[in-house]
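# An overview of the molecular structure
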Amino acid sequence: MTTTFDYEFKTASYNGKVTFPTGLFINGKWHAGSEGKTIDVLNPSTGKVIAKIAEGTKADVDTAVAAAKKAYETSWGLKVPGFERGKLLIRLAELIEENRDALAAVEALDNGKAYSIARSFDVTESAAVLRYYGGWADKVHGKTIETDDTKLSFTLHEPIGVCGQIIPWNFPFYMASWKLGPALATGNTVVLKPSEFTPLSALFLTELINKAGFPPGVVNIVNGYGNTVGAAIAEHPHIEKVAFTGSTLVGRSVMKAAAASNLKNVTLELGGKSPNIIFEDADIDEAVKWTAFGIFFNHGQCCCAGSRVFVQESIYEKFVEKLNAHVKTIKVGDPFHDETFQGPQVSQIQYDRIMSYIEHGKQEGAKVTAGGERHGTEGYFIQPTVFTDVKPDMKIVQEEIFGPVVVVSKFKDDNDIVHQANDTMYGLAAAVFSRDISRALSIAQRIHAGTVWVNVYNKLHPQVPFGGFKQSGIGRELGEYALANYTSVKSVQVNLSLKY
């Protein structure tokens, strides 16, 4: 017997009641976990329990995979033409838009992000992603290939089958759309694990999936912990592809399990320590605002956050002064207050981790010019923090903090900044601020990163691919490129007139 999440919001931004099941979503229905256990979900603004959800196990993953496999073979995959799959994805996008306010409230509640941002970005862009892939569903084509006049040769791009998807806690709903969109558009079925910290919006989504008309078993959502449900997905012999977004450390484990089981196809979107480069000819006021947005958006809990800022020597002092002044204007507090930009970190674990990095930076001799302390007395709030006087080998410079902490360094010239920017094991994103577009594009070409923004930061679009170089990941999400992650190419050769 599964339970429901019943919650009445009475906030400055949203008033309303939401109700949805909290069980495992398998074969179109909700179930208690096989062991009957639950997981507490906390409100990071208060640290208090707001819900209990069913806890999945390896046995539950087996059940979900069986449902997904049956659906793939009988009611999805090659059994359903692309235009029909596209209609369902577009209908799901419409339902998300119809429930935008409630979904944003749920996302703000268990993740801590500002309701205004959850509504205008996370939920809105999730619908846009699903609509985009709905448009692609009947346009995944192979090619005819010339060989000789005795044969007809062509390729087919076919779905892989059952796909496992493991999504993070920083953008729970948005990351679900990144995974589900291309997988469903190309005809695959899915077993998806949301983070145990932020599962509520994915559970809300299950009702919309049924309402949109997806056949049972096409999408299955199994709550649980990484070392049980996540591991079971990564190593399952009947899952043919796994997609994971999260830390590089866990990504290695996923890849190892995928290789050791059945050599399943792997897509990884992992960590980053992204350089944000400010040249002396940049519009300094715009650069300051985009820099703050680049690191403090989503409370710094962003894989592509511009956490290493490099400023050309001649404007360094001026830039730091303006950045510190801007940081003081950032509103930290209740996610449901209209003026809030930065809410709490997602959990006590994450709060403690970030604060340990801040303390380590202080001990190593870096200078705190803004923030550096807890904000308030309740919940997991941290002041937006700026470090200067940093050295390249400092822990806060080299390691991903995943919080509202930025380090600001100097550079001399083009060659110096390229060397410093690339001095990291990561390669997810970067930015260049300069009025000289030739210089900006030249630097962009030399930076080892999957995304390079010029005179902007943290702007994403459904049609533009996203992914990393080096230890920031494998494969690309979003855009046409993501479709290749979920298809297998079959070559067909037909004998027209060749005699043996």
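For the structure itself, look to the data block above.
Residues numbered from 1 in each chain as written. Predicted model: local features only at pLDDT ≥ 70, side-chain atom pairs only at ≥ 80, totals over all residues. Heavy atoms only, no water.

### Some details on the overall build of the chain
When helices and strands are tallied, the chain shows 14 helices and 24 strands. In terms of C-alpha radius of gyration, the chain reaches 23 Å, essentially the compact-globule figure of 23 Å for 500 residues. Taken along its principal axes, the extent of the C-alpha atoms in the chain is 75 × 60 × 40 Å. Within the chain, the fraction of its 500 residues that count as buried is 57%. (Helix = DSSP H or I, 4+ residues; strand = E, 2+ residues; numbered from the N terminus. Rg over C-alpha atoms; globule rule 2.2 N^0.38 Å. Buried < 20%, exposed > 50% of the residue type's maximum accessible area, 1.4 Å probe, protein only.)

### Notes on a nonpolar patch on the surface
Among the surface-exposed residues, Leu 152, Val 494 and Leu 496 lie close enough to one another that they form a single nonpolar patch of about 240 Å² accessible area. Position of Leu 496 relative to the elements: it lies in the segment after β24 (487-495). (Patch = residues over 30% accessible without salt bridge, like charges linked within 9 Å, V, L, I, M, F, W, Y side chains within 5 Å. Areas by Shrake-Rupley, 256 points an atom, 1.4 Å probe, with all protein chains shown as cover. Salt bridge = Lys/Arg side-chain N within 4 Å of Asp/Glu carboxyl O.)

### What about the pattern of salt bridges?
What the rule picks out here adds up to 20 salt bridges. Salt-bridge contacts for Asp 40 lead to Lys 52; the nearest nitrogen and oxygen are separated by 2.6 Å. Note that Asp 40 is positioned in strand β5 (residues 38-43) and Lys 52 in strand β6 (residues 48-54), a separation of twelve residues in sequence. By relative accessible area, which is 47% here, Lys 52 ends up partly exposed. Salt-bridge contacts for Lys 362 lead to Glu 359; the nearest nitrogen and oxygen are separated by 3.4 Å. Here Glu 359 and Lys 362 lie together in helix α11 (residues 348-363), a separation of three residues that amounts to about one turn. Using a relative accessible area of 33% as the deciding quantity, one classes Glu 359 as partly exposed.

### Quick notes on the sheet that holds strand β8 (residues 151-159)
Taken in spatial order, the three strands line up as β7-β8-β24 in an open sheet, and their pairing is antiparallel. This sheet does not close on itself; its edge strands, each paired only once, are β7 (144-145) and β24. One ladder, built from two bridges, connects β7 with β8; its direction is antiparallel. Considered in β8, the bridge of Thr 144 is made with Phe 154. (Pairing = 2+ DSSP bridges.)

### A few points about the environment of Leu 24
Among the secondary structure elements, Leu 24 is positioned in strand β3 (residues 24-26). Given the relative accessible area of 0%, Leu 24 is considered buried. With 400 residues separating them along the chain, Leu 24 and Thr 424 place their C-alpha atoms 40 Å apart. Apart from the residues lying within four places of it in its own chain, the contact partners of Leu 24 are Lys 29, Trp 30, His 31, Ala 32, Gly 33, Ala 54, Glu 55, Gly 56, Asp 60, Ile 221, Val 222 and Asn 223. (Contact = heavy atoms within 4.5 Å.)

### Describing helix α7 (residues 226-235)
Every buried residue of α7 is listed here: Val 229, Gly 230, Ala 232, Ile 233 and Ala 234. Residues of α7 that are buried in the fold lie against α1 (58-74), β9 (162-166), β10 (189-193), β12 (241-245) and α8 (248-261).

### Quick notes on the environment of Trp 178
Within the secondary structure layout, Trp 178 lies in helix α5 (residues 172-185). Overall, the relative accessible area of 2% leaves Trp 178 in the buried class. Distance in space between the C-alpha atoms of Trp 178 and Gly 379 is 29 Å, their sequence separation being 201 residues. Dropping the residues within four chain positions of it, Trp 178 is found in contact with Val 129, Glu 269, Leu 460, Phe 466, Glu 477 and Leu 478.

### Brief notes about the sheet that holds strand β15 (residues 308-312)
Strand order in this open sheet of seven strands is β16-β17-β18-β15-β14-β20-β21, and the pairing throughout is mixed. In this open sheet, the two edge strands, each paired with only one partner strand, are β16 (367-370) and β21 (451-454). Shown here is a sheet whose adjacent strand axes are inclined to one another by a mean of 25 degrees, direction ignored. Along the sheet, α11 makes contact with β16, β17 (385-388) and β18 (405-411), crossing β17 at roughly 25 degrees. Packed on one face of the sheet, helix α13 (residues 414-421) meets β14 (275-278), β15 and β18 and runs near 170 degrees to β15. (Axes fitted to C-alpha atoms, helices over the stretch in contact; angles between N-to-C directions.)

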